Amino acid sequence: MVERLRATLGGLPSCVEEDAWVGVRWRVGTATVAHVFGGEDELFRITFRAEAGELMAFEQLGPPYFRAEWGDNVVGLVLDRHTDWDELAELLVDAYCLQAPARLVAQVQRPGAEA
C-alpha cells in the first residue's frame, strides 16, 4: 500500500516522505499533503487535502470517504480491496497542488491537462 502511494507522491517536486507520529506522511515544505495510518483495527486510512466544494461532495458520498476531525479541508478514505488506486492518485496530485507553492505546482502534469 505504501509503495503504491510512494509511486504517486514520490514523483511530485519536493514532496518528501517521512514517518509521522503514527503511519507515514508526505509533505511539501511544512505542509502535509497526505497521511496514511491504521492497521490496529485491520483498517488503513489515508487523509489528504481537498477543495471546499469537493470536501462537501466526499461527505455526501459517505463510506469509504470520511471527514477528518482536524483541518477544514481534510478528507479521509478507508483503503481496502475496493480502492480505486487511479482515482486516489488523481486526488493525491490535487492535494499536492493545494499545498505546494505555485512554482512547484507549475511543474506537475495534472490528469486531464493538455501536455
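Cut-offs and rules
- Residues numbered from 1 in each chain as written.
- Predicted model: local features only at pLDDT ≥ 70, side-chain atom pairs only at ≥ 80, totals over all residues.
- Heavy atoms only, no water.
- Salt bridge = Lys/Arg side-chain N within 4 Å of Asp/Glu carboxyl O.
- Helix = DSSP H or I, 4+ residues; strand = E, 2+ residues; numbered from the N terminus.
- Buried < 20%, exposed > 50% of the residue type's maximum accessible area, 1.4 Å probe, protein only.
- Pairing = 2+ DSSP bridges.
- Disulfide = S-S within 2.5 Å.
- Patch = residues over 30% accessible without salt bridge, like charges linked within 9 Å, V, L, I, M, F, W, Y side chains within 5 Å.
- Areas by Shrake-Rupley, 256 points an atom, 1.4 Å probe, with all protein chains shown as cover.
- Lys, Arg positive; Asp, Glu negative; His and termini not counted.
- Charge placed at Lys NZ, Arg CZ, Asp CG, Glu CD.
- Axes fitted to C-alpha atoms, helices over the stretch in contact; angles between N-to-C directions.
- Contact = heavy atoms within 4.5 Å.

Asks: Could you clarify how one ought to interpret the pattern of salt bridges in this entry?
Replies: Side-chain pairing between opposite charges can occur once the charged atoms of the two side chains come close. A full pass over the atoms with the stated rule returns four salt bridges. The residue Arg6 makes a salt bridge to Glu17 at a minimum N-O spacing of 2.6 Å. Placement of the pair is Arg6 in helix 1 (residues 2-9) and Glu17 in strand 1 (residues 15-19), with a sequence separation of 11 residues. Given the relative accessible area of 31%, Glu17 is considered partly exposed. Salt-bridge contacts for Glu18 lead to Arg27; the nearest nitrogen and oxygen are separated by 3.7 Å.

Asks: How should the pairing of strand 3 (residues 31-38) be read in this particular structure?
Replies: Counting buried residues in strand 3 gives seven out of eight residues, a clear majority hidden from the surface. The pairing of strand 2 (residues 24-28) with strand 3 spans five bridges and is classified as antiparallel. In the sheet register, Arg25 faces strand 3, and the bridge partner there is His35. Taking the residues that link successive antiparallel strands as the turn, the strand 2-strand 3 hairpin has two residues, and the phi of Gly29 there is positive, at about 65°. In this structure, strand 3 lies alongside strand 4 (residues 44-49), joined through five bridges in antiparallel fashion. Looking at the pairing, Ala34 lines up with Phe48 of strand 4.

Asks: How should I be thinking about the state of the cysteines in this particular structure?
Replies: By definition, a disulfide links the sulfur atoms of two cysteines through a covalent bond. Scanning all chains against the criterion turns up zero disulfides. Unpaired in this structure, Cys15 has its nearest cysteine sulfur neighbour in Cys97, at a distance of 10 Å. For Cys15, a relative accessible area of 11% puts it in the buried group. A relative accessible area of 12% places Cys97 in the buried class.

Asks: Explain a negative patch on the surface to me, please; I cannot follow it from the model alone.
Replies: Judged by side-chain charge, Asp84, Asp86, Glu87 and Glu90 come together as a negatively charged surface patch. Tracing the chain through its elements places Asp84 in the loop between strand 6 (74-79) and helix 3 (85-99).

Asks: Explanation requested: the sheet that holds strand 4 in the structure shown.
Replies: Through backbone hydrogen bonds, the strands of a sheet pair up, either in parallel or in antiparallel fashion. If you trace the six strands from one edge of the open sheet to the other, you get 1-2-3-4-6-5, paired in antiparallel fashion. Looking along the sheet, the strands with just one partner apiece sit at the ends: strand 1 and strand 5 (65-67). Here the average twist between neighbouring strands, direction ignored, is 20°. Pairing of strand 5 with strand 6, which is carried by three bridges, proceeds in the antiparallel orientation. Across the sheet, Tyr65 pairs through a bridge with Leu77, a residue of strand 6. In the packing of helix 2 (residues 52-61) onto the sheet, the strands contacted are strand 5 and strand 6, and the crossing angle to strand 5 comes to about 120°.

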